[in-house]
Amino acid sequence: MSRQHAIDPPAGPPRRDEVAGEARRPMATAVVAAMTPALLLPDDLRLAPVWVLPSIEGLLLLALIAGDPGRIDRRSAVLRAVSIALVGVLALGAVWSTVQLTDDIIHGGKETASAASLLQTGGAVWAGTVLAFALLYFELDGGGAAARAHHMPAAPALAFPQQLSPELSTPGWRPRFVDYFYLGLTNATAFSPTDVMPLAPGPRWPWRCSRSSPCSSSASSSPAPSTY
């Protein structure tokens, strides 16, 4: 007598209510924090008048929150474009301020004429750069947070230690914003490769830009202490 075996239907993509998306709050908080240093910069170091970039960034952030509130798990070409535009504006403002500050240091401008003004201005530029590039890594890796929530790519753009050594990580581990913030922080302060490796061409150009801040450049170009 023949047996009839029940064949399970192929598993389809997970429903949205089954996807554990990352909370929006850390990313939104970082955007607001990245907008703050730009308000403290002198006019000569800003890409536009003081209200322009924060207004654009605030509107883009509100659009993201309205389109995908709570957790980042909605895959949409429009939301993806808005996210890229937001981090692009933040990164552009940070790079512009870095270039202008470097020029001011080289030519002895008024914004770096004293130690106090140099520390204040350089600190604001550095903080904005760290946050902007942390958000850029967060958006570039694996197609963005929403795409990573549904499916982690087999070949990520950025390889974290937990991905290089899966036996050391918890099952189902995926990078969160705090991991990208740590990457941005260490990449802007260390003068050697960090523990996260860029595997795809996309993240490599922001990787180089975030390491070219005035703080990094001045420290890396200083002479090594004598061993005698």
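Residues numbered from 1 in each chain as written. Predicted model: local features only at pLDDT ≥ 70, side-chain atom pairs only at ≥ 80, totals over all residues. Heavy atoms only, no water.

(A) Just the overall build of the chain, in detail. Across its full length, the chain carries nine helices and four strands. The order of helices and strands in the chain, counted from the N terminus, is β-α-α-β-α-α-α-β-α-α-β-α-α. (Helix = DSSP H or I, 4+ residues; strand = E, 2+ residues; numbered from the N terminus.)

(B) Seen up close, a nonpolar patch on the surface. Taken together, the side chains of L39, L40, V50 and W51 present a nonpolar region at the surface, about 440 Å² in accessible area. Following the sequence through the fold, L40 ends up in helix α1 (residues 24–40). According to the relative accessible area criterion, L40 is exposed, its value standing at 59%. (Patch = residues over 30% accessible without salt bridge, like charges linked within 9 Å, V, L, I, M, F, W, Y side chains within 5 Å. Areas by Shrake-Rupley, 256 points an atom, 1.4 Å probe, with all protein chains shown as cover. Salt bridge = Lys/Arg side-chain N within 4 Å of Asp/Glu carboxyl O. Buried < 20%, exposed > 50% of the residue type's maximum accessible area, 1.4 Å probe, protein only.)

(C) Inspection of the pattern of salt bridges at higher detail. Following the criterion strictly, the structure yields four salt bridges and no others. The salt bridge involving D68 is made with R24; its shortest N-O contact spans 3.7 Å. With D68 in the loop between α2 (52–67) and β2 (71–72) and R24 in helix α1, this pair connects stretches of sequence that are 44 residues apart. The same class applies to D68 and to R24, which are both buried. Residue K110 is joined to D44 by a salt bridge in which the shortest nitrogen-to-oxygen separation is 3.9 Å. Of the two residues, K110 sits in the loop between α3 (77–107) and α4 (115–140) while D44 sits in the loop between α1 and α2, which places them 66 residues apart along the sequence.

(D) Summary view of α3. Taking 1.5 Å of rise per residue, 31 residues should cover 45 Å, and α3 covers 44 Å from first to last C-alpha, within 8% of that figure. Measuring from the backbone nitrogen of V78 back to the side-chain oxygen at the start of α3 gives 3.3 Å, which picks out S76 as the cap. Phi turns positive, to about 65°, at G108, one or two residues after α3. (Expected span 1.5 Å × (residues − 1). Polar contact = N/O pair within 3.5 Å; in protein donor to acceptor, adjacent residues only side chain to side chain.)

(E) Quick look at the side chain of E139. For E139, the location among the structural elements is in helix α4. Apart from residues lying up to four places away in sequence, E139 is in contact with R80, S83, I84, V87 and G144. (Contact = heavy atoms within 4.5 Å.)

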